[in-house]
Amino acid sequence: MSDTIDPDGPASDAARRRKAPARTAKGGRVTMTDIARAAGCSQATVSFVLNNSPGIRLSQQTRERVIDAARALGYSAPAFSALRKPVPAFEGLDGVIGFAVDQLATSPEAVVAIEGARQASWNAGNVLLVAQTMGDAVMEPRAIAALTKRGISALIYMTIFTREISAPDFLYGLDIPVILLNCYTSDYAFPAVVPSEIAGGQSSTRHLIGYGHRRIATITGEPWMQAAQDRLKGYRRALATADIPFDPELVVEGDWSASAGYAATVKLLALKDRPTAIFCQNDRTAIGCYEALKEAGLHIPQDISVVGYDDEEIARHLFPPLTTSILPHMAMGQWAIEQLEVPPPPGRGRYPITKLECPLVERDSVAAVAGLG
């Protein structure tokens, strides 16, 4: 099949390019986003086709549709002008997707997200190239520039702490799709995915309410962190929905550590009307909570029920095994790869923030309030 897909033929196409430079209807330079909208495919697909990325499994019809749209818009670039026939899968290097994360070595969440993205990438025959940036203002753009020089067709940009970010200028200047993982921007310029922390806190608290608990305490994380704020919001929503008055005495600030969980639990046990259940806002806090309860001669869950959050490996090995919520970083990594197949929105593009569920894993640390079972 001929590579010349324009029905007007290569001669008229060439004449059209001589008459006018590659511009959009508004006079701007034609970008891959413009081509993606015209072709009805994702920007990543356009990048794969126009850069003739080897090893990418795309149908010939999709390739032709992208080439047709690019030519109709008058797109011109050296790689496009010299476009070759598709290279058979697994010949030469595979397509490459970049993954930049601020912290890697100290964060299991980053490793889990990368594994999710890796699995989804390999299913499509693509390679994931990872860089740790530490969020450094000087080294981060250099690290991402190094990724782009390797010919990446898309970039996943991740932060360890869930938060709103001011995206660095160089992200806006990239002519490849950019996906935000565990962070988002106020201008909604990029597809973004974060955990649904409010719903997670609500589900954890509602689980305890379902067992008849009304005197439910919570040990928070550091209050400046969005995850801690949102889990506390979910806790308060669950209480309000169940018509349980909010008692500030039952909220103790922690710092996500086992030692803070221990100290907070000691404080809660000293209350005149102590709680019958404790929602620890991460599993490490729950470890300290367990120790304080056992030291006080109390049994879990017969005397006090405990719920954690994060579903770290240790949760299933505590005695009793800890009921907790899964942080969906694996699913978030997979989601980021899947978005590369989604066509961009019309106009300038505003992407909604996607929030993925934090499923509750029920184990043996929760029981009905004594006397209600």
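In this report, the structure presented in the accompanying data block is examined. In this text the structure is predicted, and so the values were computed from the model without any measurement.

1. So, the side chain of Gln202
Reasoning step 1: Checked against the element boundaries, Gln202 lands in helix H9 (residues 197-210).
Reasoning step 2: For Gln202, the residues in contact, after removing those within four places along its chain, are Gly234, Tyr235, Arg237, Ala238 and Thr241.

2. Observations regarding the environment of Thr133
Reasoning step 1: For Thr133, the location among the structural elements is in the loop between strand E2 (127-132) and helix H7 (139-149).
Reasoning step 2: Judged by its relative accessible area of 5%, Thr133 falls in the buried class.
Reasoning step 3: Counting along the chain gives 32 residues from Thr133 to Val101, while the straight-line C-alpha distance between them is 6.0 Å.
Reasoning step 4: Not counting the four nearest positions on each side in its chain, Thr133 is found in contact with Ala100, Val101, Asp102, Glu140 and Ala143.

3. Structural notes on the sheet that holds strand E8 (residues 277-280)
Reasoning step 1: On the basis of which strands lie adjacent, the open sheet formed by 4 strands has the order E7-E6-E8-E9 and parallel pairing. Every other strand in the sheet has two partners, leaving strand E7 (251-252) and strand E9 (305-307) as the edge strands with one partner each.
Reasoning step 2: Pairing between strand E6 (residues 216-219) and E8: 4 bridges, direction parallel. Pairing of Ile216 across the sheet is with Ala277, part of E8.
Reasoning step 3: Against the sheet, helix H11 (residues 258-269) touches E6, E7 and E8, its axis set at about 150° to E6.

4. Looking at the pattern of salt bridges
Reasoning step 1: Taken as a whole, this structure holds 11 salt bridges when the rule is applied.
Reasoning step 2: Taken together, the salt bridges that share partners define one network made up of Glu197, Arg231 and Asp310.

5. Observations regarding unusual backbone geometry
Reasoning step 1: In this structure, Pro301 follows Ile300 across a cis peptide bond, with omega equal to 5°.
Reasoning step 2: Within the secondary structure, Pro301 is located in the loop between helix H12 (283-295) and E9.
Reasoning step 3: With omega at -5°, the peptide bond leading from Phe319 into Pro320 counts as cis.
Reasoning step 4: Counting through the fold element by element, Pro320 comes out in the loop between E9 and strand E10 (324-325).
Reasoning step 5: Within the chain, Tyr188 stands out as a residue other than glycine whose phi angle is a positive 55°.
Reasoning step 6: Secondary-structure assignment places Tyr188 in the loop between strand E4 (178-184) and strand E5 (192-195).
Reasoning step 7: Even without a glycine there, the phi angle at Asp310 is positive, about 115°.
Reasoning step 8: Of note, Asp310 is situated in the loop between E9 and E10.
Reasoning step 9: On the basis of relative accessible area, Asp310 is assigned to the buried category, the value being 15%.

Conventions and cut-offs
Residues numbered from 1 in each chain as written. Predicted model: local features only at pLDDT ≥ 70, side-chain atom pairs only at ≥ 80, totals over all residues. Heavy atoms only, no water. Helix = DSSP H or I, 4+ residues; strand = E, 2+ residues; numbered from the N terminus. Contact = heavy atoms within 4.5 Å. Buried < 20%, exposed > 50% of the residue type's maximum accessible area, 1.4 Å probe, protein only. Pairing = 2+ DSSP bridges. Axes fitted to C-alpha atoms, helices over the stretch in contact; angles between N-to-C directions. Salt bridge = Lys/Arg side-chain N within 4 Å of Asp/Glu carboxyl O.

Take it as geometry only, folks, not as evidence of what the structure does.
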